[in-house]
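Architecture at a glance
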Amino acid sequence: MRRKKPDDLREWCYPFIHETRLTCDYEILTDELCCHIGVVLAMLPEEFVDIRTDLEQLQPLIYNLNGSVRGKLGIFETDIEWLKNRYTNYQQASEGRVTGFVLPRGPAPVPQLHLCRCTGKKIVRMLVRLEEAGIKFDEVLPRFANVLANFFFVLTVAIKHRLEITEVPYISINY
């Protein structure tokens, strides 16, 4: 049964909340990621000015990603290039610290950044599902979302490197 818009707007948390299409689920995931970044910003030590600046620039881009399926395209090649450059910056600064899988742990905001990484992966998967459902969108969106998920991981490594926290490797018994 499809629900109708309630008369009392206090009973309506999002304009598309009663849709059955996956587009709404995608928008909720991108909103969740933006909220996770807000948590990270609240916990980020003052000395991490560069990371703060990057996350503050990233939050509006995630809302641009949010509206780029239902509305006009808001993510561009220049956004991907900026994010790749920031990724490379942090990767080079902590070169050689991670050579395989590591356990997602460490002091705040490292675990919160791992939640950002996981939500980023969910966004990529939701884009796969949207495409599978016949929803058309620009190829720049999954590219940006993939770099985004990887960016959050490299931030965890950079933060632990600066704090001199040792990575804990995970050795799989499955592969």
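My aim in this report is to walk through the structure given alongside it, one point at a time. (Residues numbered from 1 in each chain as written. Predicted model: local features only at pLDDT ≥ 70, side-chain atom pairs only at ≥ 80, totals over all residues. Heavy atoms only, no water.)

Remarks on the environment of Gln 92
Looking at the secondary structure, you find Gln 92 in helix α3 (residues 77–93). Along the sequence, Gln 92 and Val 154 sit 62 residues apart, while their C-alpha atoms lie 9.7 Å from each other. (Helix = DSSP H or I, 4+ residues; strand = E, 2+ residues; numbered from the N terminus.)

Looking at the packing of helix α2 (residues 49–67) against helix α5 (residues 140–162)
Where α2 contacts α5, the two axes come as close as 12 Å, and the packing angle between them is 160°. In terms of axis orientation, α2 runs roughly antiparallel to α5. Classified by chirality, the crossing of α5 by α2 is left-handed. Facing α2, whose interface residues are Asp 50, Ile 51, Asp 54, Leu 55, Leu 58, Leu 61, Ile 62 and Leu 65, α5 presents Leu 141, Phe 144, Leu 148, Phe 151, Phe 152, Leu 155, Ile 159 and Arg 162. When the residues that make up the contact of α2 with α5 are grouped by side-chain class, the tally is 13 nonpolar, no polar and three charged. (Axes fitted to C-alpha atoms, helices over the stretch in contact; angles between N-to-C directions. Parallel < 35°, antiparallel > 145°, perpendicular 65-115°, else oblique. Left-handed = near helix turned anticlockwise from the far one by under 90°. Contact = heavy atoms within 4.5 Å. Nonpolar A, V, L, I, M, F, W, Y, C, P; charged D, E, K, R; others polar.)

Focus on the pattern of salt bridges
Considering all chains together, one arrives at eight salt bridges under this definition. Between Arg 70 and Glu 27 there is a salt bridge, with its nearest N and O atoms 2.7 Å apart. Of this pair, Arg 70 sits in the loop between α2 and α3 while Glu 27 sits in helix α1 (residues 22–43), and the two are 43 residues apart along the sequence. (Salt bridge = Lys/Arg side-chain N within 4 Å of Asp/Glu carboxyl O.)

Here we look at α2
In this model, α2 (19 residues) spans 28 Å end to end at C-alpha, consistent with the 27 Å of a helix rising 1.5 Å per residue. Of all the positions in α2, only Ile 51, Asp 54, Leu 55, Leu 58, Leu 61, Ile 62, Leu 65 and Asn 66 are classed as buried. On the buried face of α2, the contacting elements are α1, α3, α4 (110–132) and α5. (Expected span 1.5 Å × (residues − 1). Buried < 20%, exposed > 50% of the residue type's maximum accessible area, 1.4 Å probe, protein only.)

With respect to the environment of Val 157
Among the secondary structure elements, Val 157 is positioned in helix α5. The buried category is assigned to Val 157, whose relative accessible area is 5%. Sequence separation between Val 157 and Arg 97 is 60 residues, and the spatial gap between their C-alpha atoms is 7.4 Å. Not counting residues up to four positions away in its chain, the partners in contact with Val 157 are Ser 94, Arg 97, Val 98 and Glu 167.

Description of the state of the cysteines
Enumeration according to the criterion identifies zero disulfides in this entry. You can see Cys 35 has no disulfide; the closest cysteine sulfur is in Cys 34, sitting 6.5 Å from it. Cysteine Cys 118 is unpaired, with the sulfur of Cys 116 as its nearest cysteine sulfur at 9.5 Å. On the basis of relative accessible area, Cys 118 is assigned to the partly exposed category, the value being 33%. (Disulfide = S-S within 2.5 Å.)

So, the packing of aromatic side chains
Tallied over the full model, the rule gives two aromatic pairs. Through pairs of rings, three or more aromatic residues link up here, namely Tyr 90, Phe 151 and Phe 152. (Phe/Tyr/Trp six-rings, centres within 6.5 Å; stacked < 30°, edge-to-face > 60°.)

Looking at the packing of α4 against α5
It is the contact of α4 with α5, at a shortest axis distance of 9 Å, that shows an interaxial angle of 165°. As the angle between them shows, α4 and α5 are arranged roughly antiparallel. Seen from above, α4 lies across α5 with left-handed handedness. Contact residues: α4 offers Val 110, Leu 113, His 114, Cys 116, Arg 117, Gly 120, Lys 121, Ile 123, Val 124 and Leu 127, while α5 offers Leu 141, Pro 142, Ala 145, Asn 146, Ala 149, Phe 152, Phe 153, Leu 155, Thr 156, Ile 159 and Lys 160. Split by residue class, the contact of α4 with α5 holds 14 nonpolar, four polar and three charged.

What about the nonpolar core?
Residues Leu 55, Leu 58 and Phe 152 are the most contacted members of the largest nonpolar core, which totals 42 residues. When residues of this core are assigned to their parent elements, the largest contribution, 12 residues, is made by α5. Here Phe 152 is in contact with Leu 33, Ile 37, Leu 55, Leu 58, Leu 113, Cys 116 and Arg 117, once residues within four sequence places are set aside. (Core = buried A, V, L, I, M, F, W, Y, C linked by side-chain atoms within 4.5 Å.)

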